[in-house]
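Chains, contacts and geometry: an overview
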Amino acid sequence: QGTIIVQMRAAMLAAEYILLLADDRTEFTRTEEVRNDFVANVSHELKTPVGAISLLAEALESSADDPAAVRRFAKRMHKESARLAALVQDIIELSRLQGTNVTQQARAVDINTVVSEAVDRSQLPAESKNIELVVGGHADAMVYGDQDLLVTALRNLIDNAIRYSPENTRVGVGIRSKDGLVAVSVTDQGEGLSPEDQERVFERFYRVDAARSRHTGGTGLGLSIVKHVVANHGGEVTLWSKPGQGSTFTIRLPEVEDQDLDTVPPAR
Ligand code: ADP
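Report follows, based on the coordinates. Keep in mind it's a predicted model, so treat the numbers as computed, not measured. (Residues numbered from 1 in each chain as written. Predicted model: local features only at pLDDT ≥ 70, side-chain atom pairs only at ≥ 80, totals over all residues. Heavy atoms only, no water.)

**Looking at the overall build of the protein**
What the protein contains, in helices and strands, is eight helices and seven strands. Sorting the 268 residues of the protein into buried and exposed places 44% on the buried side. Taking all contacts inside the protein whose residues are at least 6 apart in sequence as the whole, residues at least 24 apart take part in 73%. Carbon and sulfur atoms make up 50% of the accessible area of the protein, which totals about 14500 Å². (Helix = DSSP H or I, 4+ residues; strand = E, 2+ residues; numbered from the N terminus. Buried < 20%, exposed > 50% of the residue type's maximum accessible area, 1.4 Å probe, protein only. Contact = heavy atoms within 4.5 Å. Areas by Shrake-Rupley, 256 points an atom, 1.4 Å probe, with all protein chains shown as cover.)

Right, here's the structure in full:
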């Protein structure tokens, strides 16, 4: 119970900090309307888990002599604080991406390393739904950028493919290079997206089914983060999908030419 309360306090402090940060970051770069929108969205999103935690804390206090109820409330508090922590982390990441010039920390990065790291880290959630992660293709290609950010972006796509697919299906990750561009695509056999939703999924906090996204640990910020990371690397992310037939998200990045490699600092 002590850990939960410490975790909860930390998450709440971080939430307050974020509201300040969101206010600050956007002040100089966005119009007043967009700024107010973002702050309103962030406040709204943070209020749900913060409100739930506060109610659960009250319930916990009044059920001190009922061990089964204490365990039940503590478990739910744990879940809500984990959700709050994920939300806080994604908001910080997005805020950071909106302000950084990624090329300042850029290196030549092997795209195969990005794919294998992202796939390795998504292995557990895939196993929990008996989803097979299949990697296909290979490209002798380097891109110029921040390896950790690229892994984060690809991981968001793979985790979504797993999250929005039924059990016992396959998620494919394909790599290819063509015309100076490296493409990494993530294909699932999930529920797919309607044309209207396809237009909006990259917006901050947009979810087709908010309850489902929350239930499965989504924050509604994953695809915004992907879009920003890819744009910061001079690339683009596209989506093909049909309801009932699954989705393919593709990241395309400019390939570093052989002759440029001498002047690009090596990967970390
Ligand atoms: P979330 O944290 O809710 O997953 P994202 O920004 O990553 O937020 O995605 C926004 C919404 O797009 C999701 O809530 C979901 O409705 C939809 N979505 C994302 N990826 C997929 C996918 N592979 N298949 C179907 N729907 C998806």
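Right, picking up where we left off after that structure.
**Re the site of the ligand**
Neighbouring the ligand are 19 residues; Asn160, Tyr164, Ser213, Thr219 and Gly220 lie closest to it. In the model, an oxygen atom of the ligand is placed 2.7 Å from a nitrogen or oxygen of the Tyr164 side chain. Protein burial of the ligand: of its 530 Å² of free accessible surface, 98% is covered by the chains. Under a 2 Å grid-point criterion requiring more than half of the atoms, the pocket assigned to the ligand is the largest pocket. In terms of residue count, the dominant contributor to the shell around the ligand is helix H5 (residues 147-163) (three residues). Per-class residue counts for the shell around the ligand are nine nonpolar, seven polar and three charged. (Near = heavy atom within 4 Å. Polar contact = N/O pair within 3.5 Å; in protein donor to acceptor, adjacent residues only side chain to side chain. 1 Å grid on protein atoms, 1.4 Å probe; cavity = no way out; pocket = protein on both sides within 12 Å on 5 of 7 lines; lining within 4 Å. Sits in = over half its atoms within 2 Å of the grid points. Nonpolar A, V, L, I, M, F, W, Y, C, P; charged D, E, K, R; others polar.)

**Considerations on the nonpolar core**
With 63 residues, the main nonpolar core has Leu46, Ile111, Leu154, Ile158 and Val226 as its most contacted residues. Residue contributions to this core peak at 10 residues, all from helix H3 (residues 67-99). If we ignore the near neighbours within four places in the chain, the residues touching Val226 are Ala153, Asn156, Leu157, Val237 and Ile251. (Core = buried A, V, L, I, M, F, W, Y, C linked by side-chain atoms within 4.5 Å.)

**Here we look at the packing of aromatic side chains**
Considering all chains together, one arrives at one aromatic pair under this definition. Aromatic side chains Phe202 and Phe249 sit 6.1 Å apart centroid to centroid with 75° between the ring planes, which places their arrangement in the edge-to-face category. Of this pair, Phe202 sits in the loop between helix H6 (195-200) and helix H7 (210-215) while Phe249 is found in strand E7 (residues 246-254), placing the two residues 47 residues apart along the sequence. Exposure class is identical for Phe202 and Phe249. Each is buried. The ring of Phe73 has Arg72 sitting right over it, with the charged end atom 5.5 Å from the ring centre. (Phe/Tyr/Trp six-rings, centres within 6.5 Å; stacked < 30°, edge-to-face > 60°. Lys NZ or Arg CZ within 6 Å of the ring centre and 35° of its normal.)

**Quick notes on the environment of Tyr206**
Mapped onto the elements of the fold, Tyr206 is located in the loop between H6 and H7. In sequence terms Tyr206 and Ser224 are 18 residues apart; their C-alpha atoms lie 9.3 Å from each other. If we ignore the near neighbours within four places in the chain, the residues touching Tyr206 are Asp197, Arg200, Val201 and Gly220. A distance of 2.5 Å separates polar atoms of two side chains, one belonging to Tyr206 and the other to Asp197.

**Remarks on the layout of surface pockets**
Estimated volume of the largest pocket: approximately 1100 Å³. Along the walls of the largest pocket sit 41 residues, with Asn156, Asp159, Asn160, Arg163 and Gly222 positioned nearest its centre. Per element, the largest residue contribution to the lining of the largest pocket is nine residues, and it comes from H5. (Points joined across faces, edges and corners; volume = space filled by probe spheres on them.)

**Description of the sheet that holds strand E6 (residues 236-242)**
Pairing within the open sheet is mixed, and its five strands lie in the order E2-E4-E5-E7-E6. The sheet terminates laterally at strand E2 (132-136) and E6, the two strands that pair on one side only. Each adjacent strand pair in this sheet contributes to an overall mean axis angle of 15°, direction not counted. As defined by bridge partners, strand E5 (residues 181-188) adjoins E7 across seven bridges and the pair is classed as antiparallel. (Pairing = 2+ DSSP bridges. Axes fitted to C-alpha atoms, helices over the stretch in contact; angles between N-to-C directions.)

**A word on the pattern of salt bridges**
With the rule as written, the count across this model stands at eight salt bridges. When the shortest N-O distance is used, the salt bridge between Arg212 and Glu191 registers 2.4 Å. Of this pair, Arg212 sits in helix H7 while Glu191 sits in the loop between E5 and H6, and the two are 21 residues apart along the sequence. (Salt bridge = Lys/Arg side-chain N within 4 Å of Asp/Glu carboxyl O.)

**Describing unusual backbone geometry**
Notably, Asn130 is not glycine yet its phi reads approximately 55°, a positive angle. Its identity is not glycine, yet Asn168 carries a phi of approximately 60°, on the positive side.

**Quick look at the environment of Leu56**
With respect to the helices and strands, the residue Leu56 is situated in helix H2 (residues 32-61). Overall, the relative accessible area of 5% leaves Leu56 in the buried class. In sequence terms Leu56 and Val70 are 14 residues apart; their C-alpha atoms lie 9.8 Å from each other. Those residues within four positions of Leu56 in sequence are excluded, and the remaining contacts are Phe73, Arg76, Met77 and Glu80.

The quantities given are spatial measurements derived from coordinates; they are silent on function.
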